[in-house]
Amino acid sequence: MAGTNPLRVRVTRDTEEATASGIYGLIVGAAVLVASHAKTATAAVIVEVVTLTIYWAAERYARIVAERIHEGHRPTWHTVRRQLTTGWELVTASALPLLVLVVARLVGTRLITAEILSLACTTLLLCVSGWRMGMGGRLTTLERVVSTLVAGMFGVAMVVLKTLLH
């Protein structure tokens, strides 16, 4: 890439990784909430945060191992540090949906209702992500609408699963 600013390439890649991790975190977090048989909102939050943290650790580990395999040498401390300090969006992206879950329970809604409200929040965040991805990708309005609908359908699928399972 002659003439390309390496710092710009790194920032762009980091931003892409953060966005992908956030979207993946929202989807996995919703799936955990759907499959969870937690009896309380507190238990549901703990299960989701622990599960997402395990997913984050597994993904980071896989990246370090893959780098060793493909580069043919042990990863440097810089590489390990970078892997252990990035990708947290996978965990943190679910903060707002979990807050919705907790607040809904605190105001007296049933757990299943609070979980569906949390999944609706996730769906909204996925739709916003789809719209923003379309904006960043310089898509036409129609393409942005499609991007929004595709992203939102992951959340809708989770709401449908939750209502069918309970």
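Shown above is the structure to which this text applies.
Draft legend 1. Expanded view of the packing of helix 6 (residues 111–136) against helix 7 (residues 141–165). Between helix 6 and helix 7, whose axes approach to 7 Å, the crossing angle comes to 160 degrees. In this view, helix 6 runs roughly antiparallel relative to helix 7, as classed from their interaxial angle. Between helix 6 and helix 7 lies a crossing whose hand is right-handed. The residue inventory of the contact of helix 6 with helix 7, partitioned by class, reads 15 nonpolar, nine polar and three charged.

Draft legend 2. Quick peek at the environment of L96. Residue placement: L96 occurs in helix 5 (residues 95–106). The spacing of L96 and A157 is 61 residues in sequence and 19 Å in space, taken between C-alpha atoms.

Draft legend 3. View of the nonpolar core. Among the nonpolar cores identified, the biggest contains 19 residues, and I27, L33, A44, L101, L119, L126 and M158 are the most heavily contacted of them. Secondary-structure elements contributing two or more residues to this core are helix 1 (6–35), helix 2 (41–71), helix 5, helix 6 and helix 7. Per-element accounting of this core gives the leading share, six residues, to helix 1. Excluding anything up to four places from it in sequence, A44 contacts L33, A38 and L101. By size, the runner-up hydrophobic cluster in this structure holds six residues, among which are L52, W56, L90 and V91.

Draft legend 4. Quick look at the side chain of T79. For T79, the position within the fold is in helix 3 (residues 77–84). At a separation of 3.4 Å, a polar atom in the side chain of T79 contacts the side chain of E67.

Draft legend 5. Representation of helix 7 within the structure. The end-to-end C-alpha separation of helix 7 is 36 Å, in line with the 36 Å expected for 25 residues at 1.5 Å each. The largest bend in helix 7 amounts to roughly 30 degrees and is located at M153. Among all positions of helix 7, only R144, S147, T148, A151, G152, G155, M158 and K162 are buried.

Draft legend 6. Quick look at the pattern of salt bridges. Applying the stated rule across the entire model yields five salt bridges. For the salt bridge of K162 with E115, the shortest nitrogen-to-oxygen distance reads 3.2 Å. Residue K162 is located in helix 7, and its partner E115 is located in helix 6; the two are separated by 47 residues in the primary sequence. The exposure class of K162 is buried, given its relative accessible area of 0%. Residue E115 is classed as buried on the basis of its relative accessible area of 4%. Among the charged side chains, a salt-bridge network with shared partners connects E17, E59, R60 and R63.

Conventions used here
- Sequence order as written defines residue numbering, which begins from 1 separately in each chain.
- Under the rules for a predicted model, residues below a pLDDT of 70 receive no local features and side-chain atom pairs below 80 are neither given nor counted, while totals for whole chains, interfaces and linings still include all residues.
- Only heavy atoms go into the side-chain values, all of them from the structure, while hydrogens and water stay out.
- Lines fitted to C-alpha atoms define the axes, with helix axes restricted to the stretch in contact, and inter-axis angles between N-to-C directions lie between 0 and 180 degrees.
- Helix and strand definitions follow DSSP, with helices as H or I runs of at least four residues and strands as E runs of at least two, each counted in order from the N terminus.
- Roughly parallel covers angles under 35 degrees, roughly antiparallel covers those over 145, roughly perpendicular covers 65 to 115, and oblique covers all other angles.
- The crossing is said to be left-handed when, going from far helix to near helix, the turn is anticlockwise and less than a right angle, and right-handed when the turn is clockwise.
- Each residue receives one of three labels: charged for Asp, Glu, Lys and Arg, nonpolar for Ala, Val, Leu, Ile, Met, Phe, Trp, Tyr, Cys and Pro, and polar for the others, Gly being one of them.
- By convention a nonpolar core is built from buried Ala, Val, Leu, Ile, Met, Phe, Trp, Tyr and Cys residues, the set being connected through side-chain atoms within 4.5 Å.
- Classification of residues uses two cut-offs on accessible area relative to the type maximum, computed with a 1.4 Å probe and protein chains only: under 20% is buried, over 50% is exposed, and between them is partly exposed.
- The contact criterion used is simple: two residues touch if any of their non-hydrogen atoms lie within 4.5 Å.
- The term polar contact refers here to a pair of N or O atoms within 3.5 Å; inside protein, the definition further demands a hydrogen-donor-capable atom paired with an acceptor-capable atom, and it admits residues adjacent in sequence only when both atoms are side-chain atoms.
- An expected span of 1.5 Å times one less than the residue number is assigned to each helix.
- A residue's bend is the angle separating two fitted axes: one through the seven residues that end there, the other through the seven that start there.
- The term salt bridge refers to a pairing of a side-chain nitrogen on Lys or Arg with a carboxyl oxygen on Asp or Glu at a separation within 4 Å.

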